[in-house]
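Examining the three-dimensional arrangement
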Amino acid sequence: MESLLVSTGVVALAEIGDKTQLLAFILAARFKKPLPIIAGILLATIVNHGLAGALGAWITAQVSPEVLRWVLGASFIGMAVWTLIPDKIEEEETQVAQKLGVFGATLITFFLAEMGDKTQIATVAMAAHYATPLLVVIGTTLGMLIADVPAVFVGDRLANRIPMKLVHSIAAGIFAMLGVATLLGAGSSLGF
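No experiment lies behind these values; they were computed from the predicted model shown. (Residues numbered from 1 in each chain as written. Predicted model: local features only at pLDDT ≥ 70, side-chain atom pairs only at ≥ 80, totals over all residues. Heavy atoms only, no water.)

Regarding the overall build of the protein
Going by this rule: Numbered from the N terminus, helices here are DSSP runs of H or I no shorter than four residues, and strands are runs of E no shorter than two. Residue burial is assigned from relative accessible area. The probe radius is 1.4 Å, only protein chains are included, and a residue is buried under 20% of its type maximum, exposed over 50%, and partly exposed in between. Contacts are assigned to residue pairs that have any heavy atoms within 4.5 Å of one another. Here the accessible surface of atoms and residues is derived via Shrake-Rupley with a 1.4 Å probe, and residues count as covered only by protein chains that are part of the display.
Helix and strand counts for the protein come out as 9 helices and 0 strands. Taken from N to C terminus, the helices and strands of the protein fall in the order α-α-α-α-α-α-α-α-α. Across the 192 residues of the protein, 46% fall into the buried class. Long-range pairs, those at least 24 residues apart, make up 90% of the contacts in the protein between residues at least 6 apart in sequence. Per element, the accessible surface of the protein, about 9000 Å² overall, is 73% carbon and sulfur.

Have a look at this one:
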């Protein structure tokens, strides 16, 4: 259960101000059709984070526990630093909508925007750390929805009221604590 809760919380915080949340703002403002946008976000996240969770499980099976502990610890600390760097959205990522409709555009642009994004990398790391990839994927998907669904409904009005620096600092702190705890062997009860 810890893996579900931590995954949900970390991704929800890390996603605030992330490029996929900015993409949700842009799509909502442009198309004003929240349900196909939310459905696209959900499906894209399940597929993307499902692949990331599977990769995390595979890494756990392939890498020795000692090496995995150091890689994961360093990865979480790297995620902490990356979380402090604000994302920007490329306008080309939203141009796909003109050809595929709102759902198709959201599905494709969210999937592509998440490729190599910090929340996808975090999903890989947490799936490897907790050795419960399904719960991690459920948690990271919930975290993505917690951050992005309100963005779809309230758009730019909410974005200007959220203290992004504070939210990013909290998310970075959580990633840093996970990294330090992993390096110090807190995952030893999980076999790391």
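Some thoughts on the packing of helix H3 (residues 34-62) against helix H7 (residues 118-130)
Note the following rule: Axis geometry follows a simple rule: fit a line to the C-alpha atoms, using only the stretch in contact for helices, then measure angles between N-to-C directions, giving values from 0 to 180 degrees. Between 65 and 115 degrees an angle is taken as roughly perpendicular, under 35 as roughly parallel, over 145 as roughly antiparallel, and anywhere else as oblique. The handedness criterion is simple: a crossing whose near helix is rotated anticlockwise from the far helix by less than a right angle is left-handed, and one whose near helix is rotated clockwise is right-handed. When residue character is reported, Ala, Val, Leu, Ile, Met, Phe, Trp, Tyr, Cys and Pro are called nonpolar, Asp, Glu, Lys and Arg charged, and the others, Gly included, polar.
Where H3 meets H7, the closest approach of the two axes is 7 Å, and the angle between their N-to-C directions is 40 degrees. One finds that H3 runs oblique with respect to H7. Crossing hand, H3 versus H7: right-handed. Seen from H3, the contacting residues are Asn 48, His 49, Ala 52, Gly 53, Leu 55, Gly 56, Ala 57, Ile 59 and Thr 60; seen from H7, they are Thr 119, Gln 120, Thr 123, Val 124, Ala 127 and Ala 128. Here the contact of H3 with H7 is built from residues that sort into 7 nonpolar, 8 polar and no charged.

Considerations on the environment of Leu 178
Residue placement: Leu 178 occurs in helix H9 (residues 164-183). Here Leu 178 falls in the buried class, since its relative accessible area comes to 13%. Not counting residues within four places of it along the chain, the set of residues in contact with Leu 178 comprises Val 6, Val 10, Phe 76 and Tyr 130.

A few points about the confidence of the model for the protein
We count it as follows: Confidence per residue, as judged by the predictor, is encoded in pLDDT with a range of 0 to 100.
This prediction gives the protein a mean pLDDT of 79; 80% of its residues lie at or above 70. Contacts from residues 187-192, a stretch scored under 50 in pLDDT, to residues over four places away or in other chains number 12 contacts.

Section: the environment of Thr 109
Inspection of the secondary structure assignment puts Thr 109 in helix H6 (residues 97-114). Separated by 65 residues in the primary sequence, Thr 109 and Ala 44 place their C-alpha atoms 8.6 Å from one another.

Some words on helix H2 (residues 19-31)
Note the cut-off: By this rule the span expected of a helix is its residue count minus one, scaled by 1.5 Å.
Between its first and last C-alpha atoms H2 spans 18 Å; for 13 residues at 1.5 Å apiece the expected length is 18 Å, and the two agree. All of the buried residues in H2 are Lys 19, Thr 20, Gln 21, Leu 23, Ala 24, Phe 25, Leu 27 and Ala 28. One or two residues past the end of H2 sits Lys 32, with phi positive at roughly 50 degrees.

Considering unusual backbone geometry
In this structure, Ala 131 is a non-glycine residue whose phi angle is positive, near 55 degrees. As for its position among the elements, Ala 131 is in the loop between H7 and helix H8 (133-159). On the accessibility criterion, Ala 131 (41% relative accessible area) is partly exposed.

Let's talk about the side chain of Asn 48
By the element assignment, Asn 48 lies in helix H3. A residue is classified by how much of its surface remains accessible, and Asn 48, at 0% relative accessible area, is buried. Setting aside residues up to four positions removed in sequence, Asn 48 forms contacts with Phe 111, Glu 114, Met 115 and Gln 120.

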